[in-house]
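# Working through the structure, step by step
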Amino acid sequence: DKPKSGYTMEDHAKDVVGLLERLGCEAVTVAGHSFGGLLTYYLAAKYSQYVDRCIVMDAPADVHEGILDQIQPSLARLEQTWPSFEEYLHYVKAMPYYPDGWWDSALEVYYRADVELLHDGSVKPRSNPDHIRQCAEGTLKVDWHALVSKIAQPVLFLRAPEPFGPPNFPPLVPAEQAQATMKRLKNGTLAEGVGNHITYLFGDNAKLIVQTIGQWLEHTEDAMSL
């Protein structure tokens, strides 16, 4: 329905909880990347009865205002229309998130699903940039330090170590920020991938992530069964 408002962390959490209740799920393993990782923290702390384990991909327990600058190139594309999907894809590939011509075919599938095809053959992104800003700004209103300290469930934190965003920006989660998150978690495991906030989830880089998650799930499953 794309309402004008309703994009806070609490709104998103209630959507997930509503889905779990409709499906008849009890405690589940929740995984999220970026904003979804923050939502995973939020669910584990605020709705702990629904969450038995957490997988957080590149989302620190500390959000700073600079994040809006770091994602600005992505927000900018949401406000434009392109004559064709090919021209849109050319723009996307030139964004600073894909260094040295790096690309993976699965990304093209994502971006094709991300746009709406108009009657004249032009395309525009489906997402409303104002809604995305509301999501980002909503993360700044949460006391993440206090919230994450309440999480008792096992948490796997997967960090992307390479720079992300416009030139001279650091990784989305610098190493010291990841370590600070680990100190606040009662039962956290830190693992690093290869690539940046986006590229570490695609191509050969994703194989390491999948292997790490699989091993961690087996380990925590054994520990929970004792």
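We now turn to the structure provided with this report.

The rules we used
As a convention, each chain's residues are numbered from 1 in the sequence order in which they are written. Side-chain atom pairs in this predicted model are given and counted only at pLDDT of 80 or more, local residue features only at pLDDT of at least 70, and totals for whole chains, interfaces and linings cover all residues. Calculated side-chain values reflect all of the structure's heavy atoms, with hydrogen atoms and water omitted. To sort residues, take the accessible area from a 1.4 Å probe on protein chains only and compare it with the maximum for the residue type: under 20% means buried, over 50% means exposed, and anything in between is partly exposed. Each helix is a run of H or I in the DSSP string that is no shorter than four residues. Each strand is a run of E no shorter than two, and both are numbered from the N terminus. We call two strands paired when DSSP finds no fewer than two bridges between them. If the strands point away from the viewer and the path from the first strand over the helix to the second runs clockwise, then the crossover is right-handed. As a rule, the C-alpha atoms of each element are fitted with a line to give its axis, helices using only the stretch in contact, and angles between N-to-C directions run from 0 to 180 degrees. Any angle that falls under 35 degrees is termed roughly parallel, while one over 145 is termed roughly antiparallel, one within 65 to 115 roughly perpendicular, and all others oblique. When the near helix sits turned anticlockwise from the far one by under a right angle, the crossing is termed left-handed; a clockwise turn instead gives a right-handed crossing. Only heavy atoms matter for contacts: two residues are in contact if any of them lie within 4.5 Å across the pair. We call Asp, Glu, Lys and Arg charged. Ala, Val, Leu, Ile, Met, Phe, Trp, Tyr, Cys and Pro are nonpolar, and the rest, Gly among them, are polar. To count as a disulfide, a pair of cysteine sulfur atoms needs to be within 2.5 Å. As used in this structure description, the phrase polar contact means that two N or O atoms lie within 3.5 Å; if the pair is within protein, one of them must be able to donate a hydrogen and the other to accept it, and residues adjacent in sequence are counted only when both atoms belong to side chains. The pairing test for Phe, Tyr and Trp rings, Trp by its six-membered ring, is centres within 6.5 Å, and the orientation test on the planes gives stacked under 30 degrees, edge-to-face over 60, and tilted for anything in between. Throughout, nonpolar core names a set of buried Ala, Val, Leu, Ile, Met, Phe, Trp, Tyr and Cys residues whose side chains join them through atoms within 4.5 Å.

### Concerning the pairing of strand β2 (residues 51-57)
Counted residue by residue, β2 has six buried out of seven residues, so it is predominantly covered. Looking at chain direction, strand β1 (residues 28-33) and β2 are connected through six bridges and run parallel. Bridged to Thr29 within β2 is Arg53. Each parallel crossover has a hand, and for β1 linked through helix α2 (residues 35-46) to β2 it is right-handed. Note: β2 against strand β5 (residues 155-159), four bridges, orientation parallel. Paired with Met57 across the two strands is Leu158, which belongs to β5.

### Let's talk about the packing of helix α5 (residues 85-93) against helix α6 (residues 105-113)
Running from amino to carboxyl end, α5 crosses α6 at an angle of 120°, the nearest separation of the two axes being 11 Å. Put simply, α5 runs oblique to α6. Considering only the axes of α5 and α6, their crossing is right-handed. Every residue of α6 that contacts α5 at Phe85, Tyr88, Leu89 and Val92 is listed here: Glu108, Tyr111 and Arg112. For the contact of α5 with α6, a count of residues per class yields five nonpolar, no polar and two charged.

### Considerations on the state of the cysteines
Per the stated rule, a full pass over the model turns up zero disulfides. Cysteine Cys54 shares no disulfide, and the gap to the nearest cysteine sulfur, in Cys25, comes to 15 Å. For Cys54, a relative accessible area of 1% puts it in the buried group. Take Cys135: it sits in no disulfide, and the sulfur closest to it among the cysteines is that of Cys54, at 20 Å. The buried category is assigned to Cys135, whose relative accessible area is 11%.

### What about the sheet that holds β5?
Reading across from one edge, β1-β2-β5-β6 is the order of the four strands in this open sheet, with parallel pairing throughout. Because the sheet does not close on itself, it has two edges, and the strands there are β1 and β6 (188-192). Ignoring which end each strand starts from, the neighbouring axes of this sheet average 15° apart. Taken strand by strand, α2 contacts β1, β2 and β5, and its axis lies near 145° from that of β1.

### So, the side chain of Thr40
Examined against the element boundaries, Thr40 turns out to sit in helix α2. A distance of 3.4 Å separates a polar atom in the side chain of Thr40 from the backbone nitrogen of Gly32. With near-sequence residues (within four places) excluded, Thr40 lies in contact with Val30, Ala31, Gly32, Cys54, Ile55 and Val56.

### Here we look at the packing of aromatic side chains
By the definition in use, this model includes 10 aromatic pairs. A ring pair is formed by Tyr97 and Phe164, whose centres lie 4.5 Å apart and whose planes are at 15°; its orientation type is stacked. A residue pair is termed long-range when its members are at least 10 positions apart, and Tyr97 in the loop between α5 and α6 and Phe164 in the loop between β5 and α9 (175-184) qualify at 67 residues. Relative to Trp102, the ring of Tyr98 has its centre 6.4 Å away and its plane inclined at 15°; by these criteria the two rings are stacked. Through a chain of ring-to-ring contacts, the aromatic side chains of Trp82, Phe85, Tyr88, Tyr91, Tyr97, Tyr98, Trp102, Trp103, Tyr110, Tyr111 and Phe164 assemble into a single cluster.

### Comments concerning the nonpolar core
Membership of the largest hydrophobic core comes to 31 residues, with the highest contact counts inside it found for Tyr41, Leu43, Trp144, Leu147 and Ile151. Those elements that provide at least two residues to this core are α1 (9-23), α2, β2, α8 (144-149), β5 and α9. In terms of residues, this core owes the most to one element, α2, which gives seven residues. Leu43 has contacts with Ala13, Val16, Val17, Val30, Ser48 and Val51, leaving out every residue within four places of it along the chain. One finds Tyr88, Val115, Leu172 and Phe202 within the second-largest nonpolar core, a separate group that totals 16 residues.

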